[in-house]
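Below are the chains, spelled out letter by letter.
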Amino acid sequence: MALLAVTAVWGATFPLVKNATDLAEGGVPTYWFLAVRFLMAAALLGALFRRRLIGRPAATWRAGALLGAFVFAGYAFQTFGLAYTTSAKAAFITGLSVVIVPVLSVVWLRRPPSPGAWLGVGTALAGLALLSLNDDLLPTRGDLLVLMGALGFGLHVAGVSRFAGRHDPTALAVIQLGTAGVLAGALHLWERGTVGPGVEGVLWWGPPAHVAAATVICGLLATAAAFLLQNLLQPYTTATHTALIFAAEPVWGAIFAYLLAGETLEPRGYVGAALIVAGMLLAELPIGRRNQPKPLEAAEQK
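Residues numbered from 1 in each chain as written. Predicted model: local features only at pLDDT ≥ 70, side-chain atom pairs only at ≥ 80, totals over all residues. Heavy atoms only, no water.

(A) Structural context of the pattern of salt bridges. Inspection of the entire model under this criterion finds one salt bridge. One salt bridge connects D168 with R52, and the closest N-O pair in it is separated by 2.9 Å. Here R52 lies in helix 3 (residues 50–53) and D168 lies in the loop between helix 8 (141–163) and helix 9 (169–195), a separation of 116 residues in the sequence. A relative accessible area of 13% places D168 in the buried class. (Salt bridge = Lys/Arg side-chain N within 4 Å of Asp/Glu carboxyl O. Helix = DSSP H or I, 4+ residues; strand = E, 2+ residues; numbered from the N terminus. Buried < 20%, exposed > 50% of the residue type's maximum accessible area, 1.4 Å probe, protein only.)

Pasting the structure below:
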(Lines give C-alpha, C1' and ligand atoms only; values in the text may rest on other atoms or scores of the structure.)
Protein backbone atom coordinates (compact mmCIF):
# COMPACT_ATOMS: atom_id res chain seq x y z
CA MET A 1 0.00 0.00 0.00
CA ALA A 2 2.88 2.35 0.72
CA LEU A 3 4.44 1.66 -2.69
CA LEU A 4 1.01 2.22 -4.27
CA ALA A 5 0.83 5.60 -2.51
CA VAL A 6 4.23 6.43 -4.02
CA THR A 7 2.80 5.84 -7.50
CA ALA A 8 0.01 8.32 -6.76
CA VAL A 9 2.57 11.00 -5.92
CA TRP A 10 4.57 10.22 -9.05
CA GLY A 11 1.42 10.30 -11.17
CA ALA A 12 0.59 13.78 -9.90
CA THR A 13 3.96 15.13 -11.03
CA PHE A 14 3.46 14.57 -14.78
CA PRO A 15 1.44 17.74 -15.47
CA LEU A 16 3.54 19.68 -12.95
CA VAL A 17 6.82 18.75 -14.65
CA LYS A 18 5.41 19.34 -18.13
CA ASN A 19 4.37 22.86 -17.16
CA ALA A 20 7.57 23.63 -15.23
CA THR A 21 9.87 22.70 -18.14
CA ASP A 22 7.84 24.43 -20.86
CA LEU A 23 10.10 27.35 -21.86
CA ALA A 24 7.30 28.92 -23.88
CA GLU A 25 5.25 29.22 -20.68
CA GLY A 26 8.02 30.68 -18.55
CA GLY A 27 9.49 27.35 -17.52
CA VAL A 28 13.11 26.34 -17.00
CA PRO A 29 15.51 23.98 -18.85
CA THR A 30 15.11 20.28 -18.18
CA TYR A 31 18.55 19.69 -16.70
CA TRP A 32 18.18 22.70 -14.37
CA PHE A 33 14.88 21.34 -13.08
CA LEU A 34 16.26 17.83 -12.59
CA ALA A 35 19.43 19.07 -10.87
CA VAL A 36 17.52 21.19 -8.34
CA ARG A 37 14.95 18.43 -7.77
CA PHE A 38 17.49 15.69 -7.05
CA LEU A 39 20.04 17.79 -5.17
CA MET A 40 17.27 19.15 -2.94
CA ALA A 41 16.14 15.61 -2.14
CA ALA A 42 19.70 14.37 -1.58
CA ALA A 43 20.51 17.31 0.71
CA LEU A 44 17.39 16.70 2.81
CA LEU A 45 17.94 12.96 3.21
CA GLY A 46 21.68 13.46 3.69
CA ALA A 47 21.04 15.86 6.57
CA LEU A 48 18.52 13.53 8.20
CA PHE A 49 20.53 10.34 7.80
CA ARG A 50 24.13 11.58 7.63
CA ARG A 51 25.28 9.02 10.19
CA ARG A 52 24.09 6.21 7.92
CA LEU A 53 26.53 7.43 5.25
CA ILE A 54 29.60 7.42 7.48
CA GLY A 55 31.75 4.35 7.02
CA ARG A 56 29.72 2.89 4.17
CA PRO A 57 31.85 0.47 2.09
CA ALA A 58 32.89 1.29 -1.44
CA ALA A 59 30.44 -1.32 -2.75
CA THR A 60 27.53 0.69 -1.33
CA TRP A 61 28.73 3.85 -3.05
CA ARG A 62 29.18 2.00 -6.35
CA ALA A 63 25.70 0.49 -6.13
CA GLY A 64 24.16 3.86 -5.24
CA ALA A 65 25.98 5.58 -8.10
CA LEU A 66 24.76 2.97 -10.59
CA LEU A 67 21.18 3.32 -9.35
CA GLY A 68 21.53 7.10 -9.58
CA ALA A 69 22.62 6.84 -13.21
CA PHE A 70 19.52 4.72 -13.95
CA VAL A 71 17.29 7.24 -12.15
CA PHE A 72 18.82 10.15 -14.05
CA ALA A 73 18.40 8.40 -17.42
CA GLY A 74 14.78 7.59 -16.65
CA TYR A 75 13.81 11.11 -15.63
CA ALA A 76 15.88 12.89 -18.29
CA PHE A 77 14.32 10.95 -21.18
CA GLN A 78 10.88 11.21 -19.62
CA THR A 79 11.10 14.97 -19.04
CA PHE A 80 12.37 15.65 -22.56
CA GLY A 81 9.64 13.43 -23.97
CA LEU A 82 6.95 15.38 -22.11
CA ALA A 83 7.69 18.32 -24.42
CA TYR A 84 6.40 16.30 -27.39
CA THR A 85 3.51 14.30 -25.96
CA THR A 86 0.70 14.64 -23.42
CA SER A 87 1.10 14.12 -19.68
CA ALA A 88 -1.41 11.26 -19.66
CA LYS A 89 0.21 9.45 -22.58
CA ALA A 90 3.69 9.87 -21.11
CA ALA A 91 2.46 8.40 -17.84
CA PHE A 92 1.15 5.29 -19.56
CA ILE A 93 4.27 4.76 -21.67
CA THR A 94 6.39 5.09 -18.54
CA GLY A 95 4.36 2.17 -17.23
CA LEU A 96 6.01 -0.05 -19.85
CA SER A 97 8.71 -0.61 -17.26
CA VAL A 98 6.25 -3.21 -15.93
CA VAL A 99 7.15 -5.30 -18.99
CA ILE A 100 10.87 -4.51 -18.91
CA VAL A 101 11.44 -5.53 -15.29
CA PRO A 102 10.48 -9.25 -15.63
CA VAL A 103 12.97 -9.58 -18.49
CA LEU A 104 15.66 -7.92 -16.38
CA SER A 105 14.73 -10.19 -13.46
CA VAL A 106 15.55 -13.22 -15.60
CA VAL A 107 18.72 -11.82 -17.21
CA TRP A 108 20.20 -9.79 -14.35
CA LEU A 109 18.68 -11.10 -11.11
CA ARG A 110 18.37 -14.75 -12.22
CA ARG A 111 14.96 -14.73 -10.56
CA PRO A 112 12.23 -15.82 -13.00
CA PRO A 113 8.81 -14.33 -12.22
CA SER A 114 5.91 -16.58 -11.26
CA PRO A 115 3.32 -17.56 -13.89
CA GLY A 116 0.83 -15.25 -12.18
CA ALA A 117 3.23 -12.34 -12.56
CA TRP A 118 3.69 -13.09 -16.27
CA LEU A 119 -0.10 -13.19 -16.66
CA GLY A 120 -0.34 -9.82 -14.95
CA VAL A 121 2.42 -8.42 -17.16
CA GLY A 122 0.63 -9.54 -20.33
CA THR A 123 -2.64 -8.02 -19.20
CA ALA A 124 -0.95 -4.74 -18.21
CA LEU A 125 0.89 -4.64 -21.56
CA ALA A 126 -2.40 -4.95 -23.42
CA GLY A 127 -3.76 -2.08 -21.37
CA LEU A 128 -0.72 0.07 -22.05
CA ALA A 129 -1.02 -0.60 -25.78
CA LEU A 130 -4.62 0.63 -25.76
CA LEU A 131 -3.59 3.74 -23.89
CA SER A 132 -0.37 4.65 -25.68
CA LEU A 133 -0.66 3.87 -29.40
CA ASN A 134 -2.42 6.21 -31.80
CA ASP A 135 -4.79 5.20 -34.58
CA ASP A 136 -2.01 4.15 -36.96
CA LEU A 137 -0.30 2.18 -34.15
CA LEU A 138 2.84 4.34 -34.37
CA PRO A 139 4.51 6.16 -31.47
CA THR A 140 5.54 9.81 -31.74
CA ARG A 141 8.97 11.34 -31.06
CA GLY A 142 7.92 12.14 -27.54
CA ASP A 143 6.63 8.60 -27.05
CA LEU A 144 10.02 7.13 -28.00
CA LEU A 145 11.87 9.44 -25.62
CA VAL A 146 9.52 8.50 -22.78
CA LEU A 147 9.99 4.83 -23.71
CA MET A 148 13.75 5.26 -23.21
CA GLY A 149 12.90 6.69 -19.82
CA ALA A 150 10.83 3.60 -19.05
CA LEU A 151 13.94 1.48 -19.73
CA GLY A 152 15.87 3.58 -17.22
CA PHE A 153 13.13 3.12 -14.61
CA GLY A 154 13.02 -0.62 -15.30
CA LEU A 155 16.77 -0.86 -14.72
CA HIS A 156 16.34 1.11 -11.50
CA VAL A 157 13.60 -1.17 -10.12
CA ALA A 158 15.66 -4.27 -10.92
CA GLY A 159 18.75 -2.63 -9.45
CA VAL A 160 17.01 -1.79 -6.17
CA SER A 161 15.92 -5.42 -5.86
CA ARG A 162 19.51 -6.50 -6.42
CA PHE A 163 21.21 -4.06 -4.05
CA ALA A 164 18.75 -2.84 -1.40
CA GLY A 165 18.80 -6.11 0.52
CA ARG A 166 22.61 -6.12 0.63
CA HIS A 167 23.32 -2.48 1.49
CA ASP A 168 21.87 0.12 3.81
CA PRO A 169 18.71 1.25 1.95
CA THR A 170 18.82 4.77 3.40
CA ALA A 171 22.42 5.28 2.29
CA LEU A 172 21.53 3.91 -1.15
CA ALA A 173 18.68 6.42 -1.46
CA VAL A 174 20.91 9.39 -0.62
CA ILE A 175 23.76 8.29 -2.89
CA GLN A 176 21.57 7.59 -5.90
CA LEU A 177 19.71 10.90 -5.63
CA GLY A 178 22.96 12.80 -5.20
CA THR A 179 24.41 11.05 -8.25
CA ALA A 180 21.36 11.92 -10.35
CA GLY A 181 21.55 15.55 -9.21
CA VAL A 182 25.26 15.86 -10.00
CA LEU A 183 24.77 14.33 -13.48
CA ALA A 184 21.89 16.72 -14.22
CA GLY A 185 23.86 19.71 -12.93
CA ALA A 186 26.92 18.81 -14.99
CA LEU A 187 24.84 18.50 -18.16
CA HIS A 188 23.12 21.81 -17.37
CA LEU A 189 26.50 23.54 -17.16
CA TRP A 190 27.65 21.81 -20.35
CA GLU A 191 24.46 22.84 -22.14
CA ARG A 192 24.86 26.42 -20.94
CA GLY A 193 28.43 26.57 -22.25
CA THR A 194 27.44 24.97 -25.56
CA VAL A 195 24.45 27.17 -26.29
CA GLY A 196 25.86 30.33 -24.73
CA PRO A 197 25.14 32.47 -21.65
CA GLY A 198 22.09 33.99 -23.28
CA VAL A 199 20.16 30.72 -23.53
CA GLU A 200 16.57 31.26 -22.47
CA GLY A 201 15.55 30.02 -19.06
CA VAL A 202 19.02 29.48 -17.52
CA LEU A 203 18.38 30.36 -13.88
CA TRP A 204 20.24 29.98 -10.65
CA TRP A 205 17.78 31.66 -8.28
CA GLY A 206 14.27 33.01 -8.31
CA PRO A 207 12.42 30.71 -10.74
CA PRO A 208 8.77 31.54 -11.55
CA ALA A 209 6.23 30.62 -8.89
CA HIS A 210 4.82 27.60 -10.75
CA VAL A 211 8.35 26.24 -11.29
CA ALA A 212 9.27 26.75 -7.64
CA ALA A 213 6.11 24.93 -6.54
CA ALA A 214 6.75 22.02 -8.92
CA THR A 215 10.38 21.80 -7.80
CA VAL A 216 9.49 21.66 -4.11
CA ILE A 217 6.71 19.09 -4.62
CA CYS A 218 8.86 16.91 -6.87
CA GLY A 219 11.98 17.29 -4.74
CA LEU A 220 10.48 16.62 -1.33
CA LEU A 221 7.51 14.32 -1.95
CA ALA A 222 8.09 12.64 -5.31
CA THR A 223 11.85 12.21 -4.85
CA ALA A 224 13.09 12.32 -1.23
CA ALA A 225 10.11 10.62 0.43
CA ALA A 226 9.21 8.35 -2.49
CA PHE A 227 12.70 6.99 -3.15
CA LEU A 228 13.37 6.49 0.55
CA LEU A 229 10.19 4.41 0.84
CA GLN A 230 11.07 2.43 -2.28
CA ASN A 231 14.52 1.53 -0.98
CA LEU A 232 13.15 0.60 2.44
CA LEU A 233 10.16 -1.45 1.28
CA GLN A 234 11.09 -3.06 -2.04
CA PRO A 235 13.30 -5.75 -0.44
CA TYR A 236 10.09 -7.21 1.03
CA THR A 237 8.74 -8.07 -2.41
CA THR A 238 10.06 -8.97 -5.87
CA ALA A 239 11.19 -6.67 -8.66
CA THR A 240 8.35 -7.88 -10.90
CA HIS A 241 5.74 -7.33 -8.19
CA THR A 242 7.11 -3.83 -7.57
CA ALA A 243 6.92 -3.05 -11.27
CA LEU A 244 3.30 -4.19 -11.37
CA ILE A 245 2.44 -1.97 -8.41
CA PHE A 246 4.17 0.89 -10.21
CA ALA A 247 1.93 0.18 -13.21
CA ALA A 248 -0.70 2.14 -11.29
CA GLU A 249 1.36 5.29 -11.87
CA PRO A 250 -0.05 5.94 -15.37
CA VAL A 251 -3.58 5.60 -14.03
CA TRP A 252 -2.84 8.23 -11.40
CA GLY A 253 -1.09 10.27 -14.10
CA ALA A 254 -4.22 10.31 -16.24
CA ILE A 255 -6.37 11.29 -13.25
CA PHE A 256 -4.16 14.21 -12.28
CA ALA A 257 -3.65 15.23 -15.93
CA TYR A 258 -7.42 15.64 -16.12
CA LEU A 259 -7.75 17.43 -12.78
CA LEU A 260 -4.77 19.76 -13.23
CA ALA A 261 -4.50 20.19 -17.00
CA GLY A 262 -7.91 19.17 -18.38
CA GLU A 263 -6.47 16.30 -20.44
CA THR A 264 -8.87 13.44 -21.19
CA LEU A 265 -8.62 9.94 -22.60
CA GLU A 266 -10.45 8.24 -25.42
CA PRO A 267 -12.86 5.44 -24.46
CA ARG A 268 -10.25 2.78 -25.22
CA GLY A 269 -7.94 4.58 -22.79
CA TYR A 270 -10.25 3.83 -19.92
CA VAL A 271 -10.36 0.17 -20.99
CA GLY A 272 -6.57 0.19 -20.96
CA ALA A 273 -6.49 1.66 -17.46
CA ALA A 274 -8.84 -1.07 -16.28
CA LEU A 275 -6.56 -3.73 -17.80
CA ILE A 276 -3.57 -2.29 -15.96
CA VAL A 277 -5.38 -2.57 -12.65
CA ALA A 278 -6.48 -6.12 -13.59
CA GLY A 279 -2.87 -7.00 -14.34
CA MET A 280 -1.83 -5.85 -10.87
CA LEU A 281 -4.52 -8.04 -9.30
CA LEU A 282 -3.65 -11.06 -11.44
CA ALA A 283 -0.03 -10.81 -10.31
CA GLU A 284 -1.23 -11.28 -6.73
CA LEU A 285 -2.73 -14.71 -7.48
CA PRO A 286 -0.66 -17.52 -5.89
CA ILE A 287 -0.02 -19.23 -9.24
CA GLY A 288 3.23 -21.17 -9.32
CA ARG A 289 4.55 -19.73 -6.04
CA ARG A 290 4.50 -22.77 -3.77
CA ASN A 291 8.18 -23.54 -3.94
CA GLN A 292 9.45 -20.02 -4.38
CA PRO A 293 11.21 -18.45 -1.34
CA LYS A 294 10.27 -14.99 -0.22
CA PRO A 295 12.52 -12.23 -1.58
CA LEU A 296 14.37 -11.64 1.71
CA GLU A 297 14.79 -15.38 2.24
CA ALA A 298 16.23 -15.73 -1.25
CA ALA A 299 18.69 -12.92 -0.53
CA GLU A 300 19.75 -14.59 2.74
CA GLN A 301 20.25 -17.92 0.99
CA LYS A 302 22.63 -16.24 -1.45
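(B) Inspection of helix 1 (residues 2–20) at higher detail. A rise of 1.5 Å per residue sets the reference length of helix 1, with its 19 residues, at 27 Å; its end C-alpha atoms lie 27 Å apart and thus fit the reference within 8%. Maximum bend of helix 1: about 30 degrees, positioned at F14, with proline P15 one to four residues after it. Looking at helix 1, one finds that the buried residues are L3, V6, T7, A8, W10, G11, A12, T13, F14, P15, V17 and A20. In the core, the buried residues of helix 1 are packed alongside helix 2 (30–48), helix 4 (58–81), helix 5 (87–94), helix 10 (209–233), helix 11 (239–246) and helix 12 (249–261). (Expected span 1.5 Å × (residues − 1). Bend = angle between axes of the 7 residues up to and from the residue. Contact = heavy atoms within 4.5 Å.)

(C) Molecular detail of a nonpolar patch on the surface. Together, L44, L48, V216, I217, L220 and L221 make up a nonpolar patch on the protein surface, roughly 490 Å² of accessible area in all. For the nonpolar patch, the secondary structure elements donating two or more residues are helix 2 and helix 10. A per-element tally of the nonpolar patch places helix 10 first, with four residues. With respect to the helices and strands, L220 occurs in helix 10. (Patch = residues over 30% accessible without salt bridge, like charges linked within 9 Å, V, L, I, M, F, W, Y side chains within 5 Å. Areas by Shrake-Rupley, 256 points an atom, 1.4 Å probe, with all protein chains shown as cover.)

(D) Broad picture of the side chain of H156. Of note, H156 is situated in helix 8. A polar contact is formed between the side chain of H156 and the side chain of Q176, at a distance of 2.6 Å. For H156, the contacting residues outside a window of four places in its chain are L67, F70, V71, Q176, F227 and Q230. (Polar contact = N/O pair within 3.5 Å; in protein donor to acceptor, adjacent residues only side chain to side chain.)

(E) Fine view of the packing of helix 6 (residues 97–107) against helix 11. Packing of helix 6 against helix 11 brings their axes to within 8 Å, and their N-to-C directions diverge by 175 degrees. When the axes of helix 6 and helix 11 are compared, the pair comes out roughly antiparallel. Between helix 6 and helix 11, the contacting residues are S97, V98, V101, P102 and S105 on the first element and A239, T240, A243 and L244 on the second. When its residues are assigned to classes, the contact of helix 6 with helix 11 shows six nonpolar, three polar and no charged. (Axes fitted to C-alpha atoms, helices over the stretch in contact; angles between N-to-C directions. Parallel < 35°, antiparallel > 145°, perpendicular 65-115°, else oblique. Nonpolar A, V, L, I, M, F, W, Y, C, P; charged D, E, K, R; others polar.)

(F) Focus on the packing of aromatic side chains. Applying the stated criterion across every chain yields a total of seven aromatic pairs. For the pair Y31 and F72, a centre-to-centre distance of 6.3 Å together with 25 degrees between the ring planes defines the contact as stacked. Residue Y31 is found in helix 2, and its partner F72 is found in helix 4; the two are separated by 41 residues along the sequence. Residue Y31 is classed as buried on the basis of its relative accessible area of 15%. Overall, F72 belongs to the buried group, its relative accessible area being 9%. Consider the rings of Y75 and F227, whose centres lie 6.3 Å apart with planes at 50 degrees: the pair is tilted. Taken as a pair, Y75 in helix 4 and F227 in helix 10 lie far apart in primary sequence, 152 residues in all. Note on accessibility: Y75 and F227 belong to one class, buried. Taken together, the ring pairs connect W10, F38, Y75, F153 and F227 into an aromatic cluster. (Phe/Tyr/Trp six-rings, centres within 6.5 Å; stacked < 30°, edge-to-face > 60°.)

(G) Fine view of the packing of helix 2 against helix 10. Viewed as axis vectors pointing N to C, helix 2 and helix 10 meet at an angle of 50 degrees, and their least axial separation amounts to 8 Å. Considering the angle they form, helix 2 stands oblique to helix 10. Judged by the sense of rotation from one axis to the other, the crossing of helix 2 with helix 10 is right-handed. Side by side, helix 2 and helix 10 meet where W32, F33, V36, R37, F38, M40, A41, L44 and L45 of the first sit next to V211, A214, T215, V216, C218, G219, L220, A222, T223, A224 and L228 of the second. Of the residues in the contact of helix 2 with helix 10, the class split is 16 nonpolar, three polar and one charged. (Left-handed = near helix turned anticlockwise from the far one by under 90°.)

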